[in-house]
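Descriptive analysis of the structure
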2 protein chains.
Amino acid sequence: MFENSERSNIETLGEFGLIDHLTKNINLTQKSTLKGVGDDAAVLDFPGKKVLVSTDMLLEGIHFDLAYTPLKHLGYKAIQVNLSDIYAMNGTATQVIVSLGVSSKFPLEAVEELYAGIYLACEKYGIDLVGGDTTSSKQGLVISVTAIGYADEKDIVYRNTAEEGDLLCVSGDLGGAYTGLQLLEREKMIYIENPNIQPDLEGKDYIIERQLKPEARKDIVELLKDIKVKPTSMIDVSDGLASEILHICNQSKKGCNLYEDKIPLDPMTFETAREFNLDPTICALSGGEDYELLFTVKQADYDKIKLQMDITIIGHITERSAGCNLVTKAGVVHPLKAQGWNAFPPAP
Amino acid sequence: MFENSERSNIETLGEFGLIDHLTKNINLTQKSTLKGVGDDAAVLDFPGKKVLVSTDMLLEGIHFDLAYTPLKHLGYKAIQVNLSDIYAMNGTATQVIVSLGVSSKFPLEAVEELYAGIYLACEKYGIDLVGGDTTSSKQGLVISVTAIGYADEKDIVYRNTAEEGDLLCVSGDLGGAYTGLQLLEREKMIYIENPNIQPDLEGKDYIIERQLKPEARKDIVELLKDIKVKPTSMIDVSDGLASEILHICNQSKKGCNLYEDKIPLDPMTFETAREFNLDPTICALSGGEDYELLFTVKQADYDKIKLQMDITIIGHITERSAGCNLVTKAGVVHPLKAQGWNAFPPAP
């Protein structure tokens, strides 16, 4: 990926030199940031607000494959994945802290690419990078991000507060990130077998981007505020729709009916799933990594929600004893099962 | 380390099952914790305070060697290392978030041991574990911790505020963690060559514990408050005394004189360094991982500081042009150099 002649050495910079190099041009824009990078801890100020903190770790070989993941995209995604958790609380994300474990044989330009993606995400979402840790790794690339944000107490939306009769809603469309991943994996295999064959990803930009460069739905949080709808519960879709619905229902001690024909799928997701002999519904239910927002609203908010192009009503909350059900296109009722992405897959 | 018969499988628990298993008995004690584990983000409340956030990542093969590091100690240390950064701001540490990357072949009992150490540290220091991320790792154990705390704005102590004439002080003693590491590494080598020889660590408890089970100096922060001394600058000693002094001096745009004969060394550190043909002073200056607090105080506070058994005055701050100097026992003046622990050592 990198010409030898272009390689600079991070060993000669050392840890502090590398941190200085990567953070010297930081532009702090949040008034809640009193002190960013450069001391033992960041100092933040959220007068009158509650503080939201979340973290997610990305490991090479588990969460990403550098064979088809550009480092700039990876940096961007590492930030989005974490911001998504703050938005899922109906909060405003303001800062991130980034820890990086990287082989000392990694060229400086590679670390710069990764940070270019991190800074791009921060700039686009109005986030300050305020700290972190950088160390060598003997075991591939490790990225750990902590996202910080705030909210008024009355605005915070939890997972365990859905009520019977509430409408189950989701932003955007689902299953794209997973079908994009299938495509990238296939092209990688073809390339391994014959390096002369160029990847065939033409016309698949949307789902490739869903996988490599997801966008956290800050816009949906803002939209809901604009139309004066406060969700009764909310979670982000990182592990697949089924898993997230079950989190809301189990934690709220409720059941639900999810209607298969309402699940929003992009035509490209549908078509690509079919190419791979996959059921597009399963891709949405179990695929994960879409980083959309799943939430419930009161029935009284139906008129406001139905007008929103980017929000789909996919079901409703029932009493617990009714269970969590998927109502298929054929009208058959199945218990909803979480077969989402497993962080601990059985050893091959 | 673990009998096969005792092994339970973390694959069968899955990610959410594992998180539930490890966090079901959490006892939240901080009133600043409104919501801990179980939603997209933790919700915290620090009315009228500034929020402090810091992070540190520990990677197997870089920061620890499981050949001689008990997992319970490792969990304990991972928390201490992070709390130390909050105390170094003169703050009160209140919460941690722990991300863990662990091989799916790791027995559940091993993860439980690690968490036992994490919880022990939390309990002892009054800290709530409020979130995290748990995932499989293909590349050894990865522990990333974020520590959160608070302080009144007027109490926060930065690195860049030392003034000419201030006294340079350090808590406890230095070099112990490094000499303890030398000992553990030697016994590992002997064991590899002949597994029948038992490790000879008798009488070396203190320095072994300095390496494997450090304690963040919450007590020093409380002591300084009690005797009404606010340091003019502060940092924790993670990378060796020389490196930390240079951080304070460079960021404060000052120089310093550090007196070799004042550097506090435990007799066991001194004796063990000699056994290894190491200069005990170099162990203190460059060894790292002592997690003591290095700070400066006004000369007017001399009378209060000199009475403290666990604080040593090791030098003073000078004007920048005088440089940062080590005055040896023989009275020779050397420029102080950071040869501390290097996160990016040259490849072997």
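Since this is a predicted model, take the numbers as computed values, not measurements. (Residues numbered from 1 in each chain as written. Chains lettered and ligands numbered in written order. Predicted model: local features only at pLDDT ≥ 70, side-chain atom pairs only at ≥ 80, totals over all residues.)

1. A short note on the overall build of chain A
Helix and strand content of chain A: 10 helices and 13 strands. Taken against the 2.2 N^0.38 rule, which gives 20 Å for 348 residues, the C-alpha radius of gyration of chain A at 21 Å falls within 12% of a compact globule. Seen through its principal axes, chain A has C-alpha atoms that stretch 65 × 60 × 35 Å. Within chain A, contacts between residues at least 6 apart in sequence are counted, and of these 85% link residues at least 24 apart. (Helix = DSSP H or I, 4+ residues; strand = E, 2+ residues; numbered from the N terminus. Rg over C-alpha atoms; globule rule 2.2 N^0.38 Å. Contact = placed C-beta atoms within 7 Å.)

2. Regarding unusual backbone geometry
A negative phi angle is the norm for most residues apart from glycine, just as the trans form is the norm for most peptide bonds. Residues and elements named next belong to chain A. In this structure, Asn90 takes a positive phi of about 65° despite not being glycine. Residue placement: Asn90 occurs in the loop between α2 (71–87) and β4 (92–102). According to the C-beta neighbour criterion, Asn90 is buried, with 23 such atoms within 10 Å. The backbone of Tyr291 shows a phi angle near 50°, a positive value even though the residue is not glycine. Following the sequence through the fold, Tyr291 ends up in the loop between α9 (280–286) and β10 (293–297). (Buried ≥ 20, exposed ≤ 12 C-beta atoms within 10 Å, placed from the backbone.)

3. A word on the sheet that holds strand β9 (residues 254–259) of chain B
Residue and element names in this part refer to chain B. Strand order across the open sheet formed by 7 strands is β8-β10-β7-β11-β9-β12-β13, with mixed pairing between neighbours. Either end of the sheet is taken by a strand with one partner, and the two such strands are β8 (233–236) and β13 (333–335). Adjacent strand axes in the sheet meet at a mean angle of 25°, parallel and antiparallel pairs treated alike. Packed onto the sheet, helix α7 (residues 241–252) meets β7 (167–171), β8, β9, β10 (293–297) and β12 (324–327) and runs at close to 150° relative to β9. (Pairing = 2+ DSSP bridges. Axes fitted to C-alpha atoms, helices over the stretch in contact; angles between N-to-C directions.)

4. Observations regarding the interface of chain A and chain B
Contacts between chain A and chain B engage 58 residues on the former and 58 residues on the latter. Within the residue set of the side of chain A that touches chain B, elements represented by two or more residues are α1 (10–23), β2 (42–44), β3 (50–59), α2, β4, β5 (128–136), β6 (142–151) and β8 (233–236) of chain A. Per-element tally for the side of chain A that touches chain B: the top contributor is β3 of chain A, with 9 residues. Where β3 of chain A meets strand β2 (residues 42–44) of chain B, 3 bridges bridge the pair, whose relative direction is antiparallel. Across the sheet, the residue bridging to Leu52 of chain A is Val43 of chain B, located in β2 of chain B.

5. Details of the domain arrangement of chain A
Residue and element names in this part refer to chain A. We note that the domain assignment places domain 1 (13–155) and domain 2 (167–335) within chain A. It is α2 that provides the largest number of residues to the side of domain 1 that touches domain 2, a total of 9 residues. A per-class count over the side of domain 1 that touches domain 2 returns 8 nonpolar, 5 polar and 3 charged. (Domains from an automatic or database assignment. Nonpolar A, V, L, I, M, F, W, Y, C, P; charged D, E, K, R; others polar.)

6. What to know about the sheet that holds strand β1 (residues 33–35) of chain A
If you trace the 6 strands from one edge of the open sheet to the other, you get β1(A)-β2(A)-β3(B)-β6(B)-β4(B)-β5(B), paired in mixed fashion. With one partner strand each, in any of the chains shown, β1 of chain A together with β5 (128–136) of chain B form the two edges of the open sheet. Taken pair by pair, the neighbouring strands of this sheet meet at an average axis angle of 20°, ignoring direction. In terms of strand pairing, strand β4 (residues 92–102) of chain B meets β5 of chain B through 8 bridges, oriented parallel. Its bridge partner lying in β5 of chain B, Gln95 of chain B is registered against Asp128 of chain B. On top of the sheet, helix α3 (residues 108–125) of chain B reaches β4 and β5 of chain B; it is set at about 175° to β4 of chain B, its chief contact.

7. Side note on the packing of helix α4 (residues 176–193) of chain A against helix α8 (residues 267–275) of chain A
Residues and elements named next belong to chain A. Contact geometry of α4 with α8 gives a least axis separation of 9 Å together with a crossing angle of 45°. It follows from the interaxial angle that α4 and α8 lie oblique. In this structure, α4 crosses over α8, and the sense of that crossing is left-handed. Facing α4, whose interface residues are Gly176, Thr179 and Leu183, α8 presents Thr269, Thr272 and Ala273. Classifying every residue of the contact of α4 with α8 gives 2 nonpolar, 4 polar and no charged. (Parallel < 35°, antiparallel > 145°, perpendicular 65-115°, else oblique. Left-handed = near helix turned anticlockwise from the far one by under 90°.)

8. Here's the deal with the relation of the copies chain A and chain B
Superposing chain A onto chain B takes a rotation of 180° plus a shift of 0.0 Å along the axis, which leaves an RMSD of 0.0 Å. Within this description, the copies of the chain are treated as partners about a two-fold rotation axis. Within chain A, the C-alpha atom positioned nearest to the axis of rotation is that of Gln139 of chain A, 2.5 Å from it. Mapped onto chain B, 100% of the interface residues of chain A are again interface residues, and the two copies thus contact each other with one and the same surface. (Least-squares fit on C-alpha atoms with pLDDT ≥ 70 in both.)

9. Some details on the environment of Glu109 of chain B
Along the polypeptide, Glu109 of chain B turns up in helix α3. The spacing of Glu109 of chain B and Asn9 of chain B is 100 residues in sequence and 8.9 Å in space, taken between C-alpha atoms.

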